[in-house]
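Coordinate inspection notes
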Amino acid sequence: MRYISTRGRAPSLSFEEAMMTGLARDGGLYLPETVPTMAPDEIAGLAGLRYEEVAFRVMRPFIGDAFTDAEFRALIDRAYAGFGHAARAPLVQLAPNHFLLELFHGPTLAFKDFAMQLIGQLMQAALERSGQRITIVGATSGDTGSAAIEAFKGLDNVDVFILFPHGRVSEVQRRQMTTAAEGNVHALAVDGDFDTCQARLKDMFNDFAFRDAVGLAGVNSINWARVLAQVVYYFTAAVSLGAPHRKIGFTVPTGNFGDIFAGFIAREMGLPVDRLVIATNQNDILHRTLETGAQVTQGVTPSISPSMDIQVSSNFERALFWAYGRDGAVVSEQMDDLRAKGRFTISQGAIDFLRGAFASGRASEAETLATIAGIARTTGEVLCPHSAVGVKVAADHLGAVPMVTLATAHPAKFPEAVHRATGMLPPLPSHMADLYDRPERVTRVADDLAALQTLIKERRRA
Ligand SMILES: *Cc1c(COP(=O)(O)O)cnc(C)c1O
């Protein structure tokens, strides 16, 4: 299995190389050259299996010879051992034909743990074999950072630097990043928004001298291994509800487009996914893109669902690559336009493809709060604001086909919003009960590439 860049000008890589690299050297994102498929009887055979076994069967064809079957199984088992629910990704029912996939039972209480815990294990195993050291730099809108810190803290051959937008993450999210005591973890509060953080991260990847000097590795969802790990729960959820014998729809609270793109890959693999509905908050660039056929960035307006406060949605590039018939040159041009002019216009053929593959909707702040309140009243389920955006948009798309909304974070990560909506304060799980008592360690930094690079070079252990 080889991996190719969405921009068509970087060398193809093995799974392990693509995982350790992150961004391609032509600025593109890696994708499998061909997507392996599963036959209906193989999908039917997943029914009733443990999450870890489904994960093994779904991901195995993508990893080539990176790990033996026994190694890969052991790494998957270790990745999910710390989850607080035996099903890992349990389904609950909200209404007739509407289900919620709870993806927040991992150690940092957001769906990011599904991928980050696994790539933590895979990267460690690869590094132990090669004797290499790496510097992980991650940009976060709030949840990727804590998930990465949890997965990589205390490792001898890894230094972790997390860029988060100063003042734009929830207090629980910030404390999860700033209270790690391990010396290899560095939380950096950047003056700017998430797009600023992600842009500086991409700048570092595009500075090959720096990239090679520090052994830069990326764990944002530009990393293919993260997307792959997220494909698994589309299978477990759909099979629980009757796939492959019936179609299942999914609604996904979306920011950087990684989670929903995993659903697209599940469909390419043969899972009968009906609709894939993009749910956005008031930062609705993806919804507008589908409606108008042009992607036009505006400023980010901070919302009560901060992990989705994004205008530059990296993984959309992967969908564009499909939409343009896997033509890296066209994708390159569109991405150059986005960088230079803040906008690009999608061709008629490509937008038709995207509208066939995805639907979309947005939820305002008031609708999000009303959804948290309404669902708590009618079902007892307490939603985080991101999940509520999903549930609101899904409700507008319900029909004869069962719909699964992805619940992306635990309500206790966003206590202010939940309290505003319901008057209740959702308690943190016991392993995080002392979060507000732990000392914080954080460095405030300007939006300055050279200064950031200097800081990283000085702090990383040689
Ligand atoms: C990251 C995140 C999202 C958005 O996921 P993408 O893969 O970036 O689209 C939604 N909700 C929560 C809680 C998140 O942490």
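One structure accompanies this document, and this report is about it. Keep in mind it's a predicted model, so treat the numbers as computed, not measured. Numbering of residues begins from 1 in every chain and follows the order in which that chain's sequence is written. A pLDDT threshold of at least 70 governs which residues receive local features in this predicted model, and a stricter bar of 80 or more applies before side-chain atom pairs are shown or counted, although totals over entire chains, interfaces and linings include all residues. Excluding hydrogens and water, the side-chain figures rest on all heavy atoms present in the structure.

Remarks on the overall build of the chain
The following threshold applies: Secondary structure is summarised from DSSP: a helix means a run of H or I of at least four residues, a strand means a run of E of at least two, and numbering begins at the N terminus for each. For this measure, only C-alpha atoms enter the radius of gyration; the expected value for a globule follows 2.2 Å times N^0.38, where N is the number of residues. Partly exposed residues are those whose accessible area sits between 20% and 50% of the maximum for their type, while under 20% is buried and over 50% is exposed, using a 1.4 Å probe and protein chains only. Areas reported here follow the Shrake-Rupley algorithm with a probe of radius 1.4 Å; residue values treat only the protein chains shown as occluding. Here the positive residues are Lys and Arg and the negative ones are Asp and Glu; neither His nor the chain ends is included. Lysine's charge is taken at NZ, arginine's at CZ, aspartate's at CG and glutamate's at CD.
Regarding its fold elements, the chain presents 19 helices and 15 strands. The C-alpha radius of gyration of the chain comes to 20 Å, within 12% of the 23 Å expected for a compact globule of 462 residues. Over its C-alpha atoms, taken along the principal directions, the chain stretches across nearly 55 × 50 × 50 Å. When burial is assessed residue by residue, the chain has 64% of its 462 residues classed as buried. For the chain, the computed accessible surface area is about 16000 Å², with 50% contributed by carbon and sulfur atoms. When the 44 positive and 50 negative side-chain charges of the chain are each reduced to one mean point, those points stand 1 Å apart.

Some details on the site of the ligand
This is how it is decided: Here a residue counts as near a molecule or strand whenever at least one of its heavy atoms sits within 4 Å of it. Pairs of N or O atoms are called polar contacts if they sit within 3.5 Å, as long as, within protein, a hydrogen donor faces a hydrogen acceptor (for residues adjacent in sequence, only side-chain-to-side-chain pairs).
Contacts to the ligand come from 15 residues, most closely from Lys 112, Asp 143, Gly 255, Asn 256 and Thr 408. Within the contact set of the ligand, an oxygen atom lies 2.6 Å away from a side-chain nitrogen or oxygen of Lys 112. With respect to the ligand, the backbone of Gly 255 contributes an N or O atom lying 2.8 Å from an oxygen atom. Protein chains shield 97% of the accessible area of the ligand, which is 380 Å² for the free molecule.

What about the pairing of strand β4 (residues 98-102)?
Note the threshold: Pairing between strands is defined by DSSP: at least two bridges between the two strands are required.
The element β4 is extensively covered by neighbouring structure, given that 5 of its 5 residues are classed as buried. The side-chain alternation of β4 yields two buried faces, one formed by His 98, Leu 100 and Glu 102 and the other by Phe 99 and Leu 101. Bridge count between strand β3 (residues 91-95) and β4: 4 bridges; the pairing is antiparallel. Paired with Val 92 across the strands is Leu 100, a residue of β4. Taking the residues between adjacent antiparallel strands as the criterion, β3 and β4 are bridged by 2 residues, where Asn 97 takes a positive phi near 65 degrees.

Let's talk about the packing of aromatic side chains
Our working definition: Note on aromatic contacts: the rings of Phe and Tyr and the six-membered ring of Trp form a pair at centre separations within 6.5 Å, being stacked when their planes are under 30 degrees apart, edge-to-face when over 60 apart, and tilted otherwise. Geometrically, a charge over a ring is one whose NZ (Lys) or CZ (Arg) sits within 6 Å of the ring centre while staying within 35 degrees of the ring normal.
Applying the stated rule across the entire model yields 20 aromatic pairs. An aromatic cluster is defined as three or more aromatic residues linked by ring pairs; in this entry it consists of Tyr 51, Tyr 80, Phe 83, Phe 114, Tyr 233, Tyr 234 and Phe 250. In this structure, Arg 73 is placed above the aromatic ring of Phe 56, and the distance from its NZ or CZ to the ring centre is 3.8 Å. For Arg 326, the ring lying beneath its charged end belongs to Trp 322, and the centroid distance is 5.0 Å.

What to know about the pairing of strand β10 (residues 273-280)
In regular strands, side chains alternate between the two faces of the sheet. For β10, the tally of buried residues reaches 6 of 8 residues, placing the bulk of the element in the interior. Pairing analysis gives 4 bridges linking β10 to strand β13 (residues 359-362), with the strands arranged parallel. Across the sheet, Thr 280 pairs through a bridge with Arg 362, a residue of β13.

With respect to helix α16 (residues 365-379)
Test applied: Helix span, expected: 1.5 Å multiplied by one less than the number of residues in the helix.
For α16, which comprises 15 residues, the first-to-last C-alpha distance of 21 Å matches the rise-based estimate of 21 Å (1.5 Å per residue) to within 8%. Within the sequence span of α16, burial applies to Thr 368, Leu 369, Thr 371, Ile 372, Ala 373, Gly 374, Ile 375 and Ala 376. One or two positions beyond α16, positive phi appears at Gly 380, with a value near 85 degrees.

Regarding the sheet that holds strand β8 (residues 216-217)
For the record, the criterion: Throughout, a contact is declared for two residues whenever any of their heavy atoms are within 4.5 Å. Working convention: axes come from line fits to C-alpha atoms, limited for helices to the stretch in contact. Angles between N-to-C directions cover 0 to 180 degrees.
Judged by pairing direction, the sheet is parallel, and its 5 strands sit side by side in the order β8-β5-β6-β7-β15 without closing on themselves. Bordering the open sheet on either side are β8 and β15 (443-445), each of which pairs with just one other strand. The sheet contact formed by strand β7 (residues 185-190) and β15 spans 3 bridges and is parallel. Bridge assignment links Val 190 to a residue of β15, and that residue is Val 445. Helix-sheet contacts for helix α6 (residues 143-152) involve β5 (134-139), β6 (158-165) and β7, and the interaxial angle to β6 is about 165 degrees.

Here we look at the sheet that holds strand β14 (residues 403-407)
Taken together, 6 strands build an open sheet; the order of strands is β3-β4-β14-β9-β10-β13 and the sheet is mixed. Each of the sheet's edge strands pairs with one partner strand only, and the pair in question is β3 and β13. Between one strand axis and the next, the sheet turns through 25 degrees on average, direction left out of account. Relative to β10, strand β9 (residues 248-253) runs parallel, the two being bridged by 5 bridges. Residue pairing for β10: Ile 248 is matched across the bridge by Val 273. On top of the sheet, helix α12 (residues 285-292) reaches β10 and β13; it is set at about 130 degrees to β13, its chief contact.

Some points on the pattern of salt bridges
Where we set the bar: Any Lys or Arg side-chain nitrogen found within 4 Å of a carboxyl oxygen on Asp or Glu counts as a salt bridge.
Tallied over the full model, the rule gives 27 salt bridges. Taken together, the salt bridges that share partners define one network made up of Arg 50, Glu 52, Asp 77 and Arg 88.

Some details on the packing of α16 against helix α17 (residues 385-395)
What counts is decided by this rule: Any angle that is under 35 degrees is reported as roughly parallel, and any over 145 degrees as roughly antiparallel; angles of 65 to 115 degrees are reported as roughly perpendicular and all others as oblique.
Two numbers describe how α16 lies on α17: the axes approach to 8 Å, and their chain directions differ by 90 degrees. Between α16 and α17, the crossing angle belongs to the class labelled roughly perpendicular. Residues Glu 367, Thr 368, Thr 371, Ile 372 and Ile 375 of α16 form the contact with α17, whose participating residues are Pro 385, Ala 388, Val 389, Val 391 and Lys 392.

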